[in-house]
Amino acid sequence: MPIYEYECKACGHRLEKLQKISADPLTDCPSCDKDELHRLVSAAGFRLAGNGWYETDFKSGNKKNLAGEGGAEKGAPAKTSTKDGAAA
């Protein structure tokens, strides 16, 4: 279940609430009892980045998302070499 952030437009009170995705948004402010509580848009609580478990356990081969590797641009095909050592 996600944690949603709310802010009251009347008094400025802010709160967090653990709710099901299917639950209706809260509307009544617990601080001033007015019907001015609105859900805020906020960033996710975590980010899968780097070379930790996600990188090593769920991706394989050239699908790995390694930053700073050879200065290649994102989405550019990787250079491969042939048996005689020439770049393909």
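Refer to the preceding data block for the structure.
Caption draft 1: Examining the overall build of the protein more closely. From N to C terminus, the protein includes one helix and three strands. Ordering the α and β elements of the protein from the N terminus gives β-β-β-α. Expressed as a percentage of the 88 residues in the protein, the buried residues total 9%. Contacts in the protein between residues at least 24 apart in sequence constitute 24% of all its contacts with a sequence separation of at least 6. Summed over its atoms, the accessible surface of the protein is roughly 7,700 Å², and 50% of this surface lies on carbon and sulfur atoms.

Caption draft 2: Structural detail: the state of the cysteines. Considering all chains together, one arrives at zero disulfides under this definition. Distance from the sulfur of Cys11, which forms no disulfide, to the nearest cysteine sulfur (Cys8) is 3.7 Å. Cys11 supplies the cysteine sulfur nearest to Cys29, a cysteine that is in no disulfide, at a spacing of 3.7 Å.

Caption draft 3: Seen up close, a negative patch on the surface. Where like charges cluster on the molecular surface, the negative patch consists of Asp28, Asp33, Asp35 and Glu36. Here Asp28 lies in the loop between β2 (14–18) and β3 (37–40). A residue is classified by how much of its surface remains accessible, and Asp28, at 52% relative accessible area, is exposed.

Caption draft 4: How the structure looks around the nonpolar core. One finds Tyr4, Tyr6, Cys8, Leu15, Cys29 and Leu37 forming the largest nonpolar core, which totals six residues. Those residues within four positions of Tyr4 in sequence are excluded, and the remaining contacts are Leu15, Glu16, Lys17, Gln19, Lys20, Ile21 and Arg39.

Caption draft 5: Looking closely at the pairing of strand β1 (residues 3–8). Burial along β1 is one-sided: Tyr4, Tyr6 and Cys8 are buried, while Ile3, Glu5 and Glu7, pointing the other way, are not. Sheet topology places β1 next to β2; five bridges connect them, and they run antiparallel. Paired with Glu5 across the bridge in β2 is Glu16. With antiparallel pairing between neighbouring strands as the criterion, β1 and β2 make up a hairpin whose turn holds five residues, including Gly12 at a positive phi of roughly 85 degrees. The pairing of β1 with β3 spans four bridges and is classified as antiparallel. In the strand pairing of β3, Tyr6 is matched with Arg39.

Caption draft 6: Seen up close, the packing of aromatic side chains. Considering all chains together, one arrives at zero aromatic pairs under this definition. It is Arg39 that lies over the ring of Tyr4; its NZ or CZ is 3.8 Å from the centre.

About the cut-offs
- Residues numbered from 1 in each chain as written.
- Predicted model: local features only at pLDDT ≥ 70, side-chain atom pairs only at ≥ 80, totals over all residues.
- Heavy atoms only, no water.
- Helix = DSSP H or I, 4+ residues; strand = E, 2+ residues; numbered from the N terminus.
- Buried < 20%, exposed > 50% of the residue type's maximum accessible area, 1.4 Å probe, protein only.
- Contact = heavy atoms within 4.5 Å.
- Areas by Shrake-Rupley, 256 points an atom, 1.4 Å probe, with all protein chains shown as cover.
- Disulfide = S-S within 2.5 Å.
- Patch = residues over 30% accessible without salt bridge, like charges linked within 9 Å, V, L, I, M, F, W, Y side chains within 5 Å.
- Salt bridge = Lys/Arg side-chain N within 4 Å of Asp/Glu carboxyl O.
- Lys, Arg positive; Asp, Glu negative; His and termini not counted.
- Charge placed at Lys NZ, Arg CZ, Asp CG, Glu CD.
- Core = buried A, V, L, I, M, F, W, Y, C linked by side-chain atoms within 4.5 Å.
- Pairing = 2+ DSSP bridges.
- Phe/Tyr/Trp six-rings, centres within 6.5 Å; stacked < 30°, edge-to-face > 60°.
- Lys NZ or Arg CZ within 6 Å of the ring centre and 35° of its normal.

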